[in-house]
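Descriptive structure summary
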Amino acid sequence: GRLEALLNFQTMIIDLTGLLIANASLLDEGTAAAEAMTLSYNAQAFNAQALNTAFFVSKDCHPQTISILETRAGPLGIKVLVADHRTFDFKTKVFGVLLQYPCTNGEVIDYTDFIQKAHENGALVTLAADLLSLTLLKSPGELGADIAVGSTQRFGVPIGFGGPHAAFMSTKEEYKRLLPGRIVGLSVDARGHPAIRLALQTREQHI
């Protein structure tokens with residue numbers, strides 16, 4: 001039952017974010033964003049790029065997320081650049097960017113052009129998205145994002161009834177071995193029956 005629930009969770013995340021692979025067992029949106037930053041940093045070796053150490057974060061992201069990113073970035077030698085995506089010109093080389101969708105003030109922005117520009121400059125793009133809004137808005141995958149993160153609070157218990165609420169993270173197939181947490185998959189047992197099992201477990205996020 002537990003594995004089936006996690007598989008259903010992953011399927012929902014894949015459907016709503018428009019990306020091919022999702023995991024389970026992340027803690028909250030802020031630390032999921034930090035994991036996306038780390039994934040983007042480690043993916044540089046996969047993309048055969050010169051190692052960049054700067055990560056762009058839109059000033060429209062949630063303040064608590066920005067704070068967690070800055071805390072996580074320090075020991076890794078990553079420089080977090082917090083600025084307005086509307087004026088950022090990529091003259092400073094960055095390995096990744098984080099955008100909020102919708103913004104922390106509720107504004108909905110079509111990031112398609114900015115994401116394309118980021119890709120042209122060798123950066124991976126993470127969208128911190130609101131799950132419920134994705135039932136109406138274009139998905140991160142449709143906008144061209146490489147990674148989507150966020151909180152499932154909107155599909156859970158109301159604010160004030162505990163937390164933190166489980167986070168989600170999805171990405172493209174090529175980054176599956178850089179994805180933290182667990183991936184639950186569907187296989188076939190020796191008798192030909194469907195069998196749900198842990199397909200890949202890089203690590204538990206909090207360990």
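The structure reproduced in this document is the subject of the present report. Treat the numbers as computed from the prediction; the structure is a model and nothing was measured.

Procedures and definitions
Residues numbered from 1 in each chain as written. Predicted model: local features only at pLDDT ≥ 70, side-chain atom pairs only at ≥ 80, totals over all residues. Heavy atoms only, no water. Helix = DSSP H or I, 4+ residues; strand = E, 2+ residues; numbered from the N terminus. Contact = heavy atoms within 4.5 Å. Core = buried A, V, L, I, M, F, W, Y, C linked by side-chain atoms within 4.5 Å. Buried < 20%, exposed > 50% of the residue type's maximum accessible area, 1.4 Å probe, protein only. Phe/Tyr/Trp six-rings, centres within 6.5 Å; stacked < 30°, edge-to-face > 60°. Pairing = 2+ DSSP bridges. Right-handed = clockwise from strand over helix to strand, strands pointing away. Axes fitted to C-alpha atoms, helices over the stretch in contact; angles between N-to-C directions. Salt bridge = Lys/Arg side-chain N within 4 Å of Asp/Glu carboxyl O.

1. Points about the overall build of the protein
Summing up its helical and strand segments, the protein has five helices and nine strands in all. The helix and strand sequence of the protein, counted from the amino end, reads α-β-α-β-α-β-β-α-β-α-β-β-β-β. Within the protein, counting contacts between residues at least 6 apart in sequence, those at least 24 apart form 66% of the total.

2. Structural notes on the nonpolar core
Core analysis: the biggest nonpolar cluster contains 30 residues, and V94, V97, L99 and Y111 have the highest contact counts within it. Setting aside its immediate chain neighbours within four residues, V94 contacts N52, A54, F55, F56, L81, F88, N121, G122 and A123. In this structure, L26, M37, V80 and M169 belong to the second largest nonpolar core, which totals 29 residues.

3. What about the packing of aromatic side chains?
Tallying each qualifying case throughout the model produces seven aromatic pairs. Here Y41 and F95 contribute two aromatic rings whose centre-to-centre distance is 5.2 Å and whose plane-to-plane angle is 65°, an arrangement assigned as edge-to-face. Pair noted here: Y41 is in helix 2 (residues 29–46) and F95 is in the loop between strand 3 (79–83) and strand 4 (96–101), with a separation of 54 residues, a long-range link. Accessibility classification places Y41 together with F95 in one group, the buried group. Where F90 meets F114, the ring centres are 5.3 Å apart and the plane angle is 40°; that geometry is what we call tilted. Residue F90 is found in the loop between strand 3 and strand 4, and its partner F114 is found in helix 4 (residues 112–120); the two are separated by 24 residues along the sequence.

4. What about the pairing of strand 3?
As paired strands, strand 2 (residues 54–58) and strand 3 are joined by five bridges and run parallel to one another. When the sheet's bridge partners are listed, F56 is paired in strand 3 with L81. Between the parallel pair strand 2 and strand 3, the chain is carried across by helix 3 (residues 63–76), and the sense of this crossover is right-handed.

5. A look at unusual backbone geometry
At the junction of Y101 and P102, the peptide bond is cis and its omega measures out at -10° in the coordinates. Considering the arrangement of structural elements, one finds P102 in the loop between strand 4 and helix 4. Look at S25: it is not a glycine, yet its phi comes out positive at around 75°. Mapped onto the elements of the fold, S25 is located in the loop between strand 1 (21–22) and helix 2.

6. Section: the sheet that holds strand 4
What the seven strands build is an open sheet, ordered 1-7-6-5-4-2-3; its pairing is mixed. The strands lining the two open edges of the sheet, one partner per strand, are strand 1 and strand 3. Summarising the sheet, strand 5 (residues 124–129) and strand 6 (residues 147–151) pair through three bridges and their orientation is parallel. Within the sheet, the bridge partner assigned to T126 lies in strand 6 and is I147. The strands touched by helix 4 within the sheet are strand 2, strand 4 and strand 5, with strand 4 carrying the most contacts at an inclination of about 170°.

7. Quick look at the environment of H85
The topology assignment puts H85 in the loop between strand 3 and strand 4. On the accessibility criterion, H85 (9% relative accessible area) is buried. For the pair H85 and K59, spaced 26 residues apart in sequence, the C-alpha to C-alpha distance is 7.7 Å. Ignoring anything within four residues of it in the chain, the contact list for H85 reads F56, S58, D60, L99, I109, Y111 and F114.

8. Section: the pattern of salt bridges
If charged atoms from side chains of opposite charge come close, those side chains can pair. Applying the stated criterion across every chain yields a total of nine salt bridges. E35 is the salt-bridge partner of R72, the closest N and O atoms lying 4.0 Å from each other. Taken together, the residues span a long stretch of sequence, with R72 in helix 3 and E35 in helix 2 at a distance of 37 residues. Shared partners join several salt bridges into a network, and the residues in it are K59, D60, D84, R86 and E107.

9. Describing the side chain of N52
With respect to the secondary-structure elements, N52 resides in the loop between helix 2 and strand 2. If near-sequence neighbours (up to four positions away) are discounted, N52 is found in contact with Y41, Q44, K93, V94 and F95.

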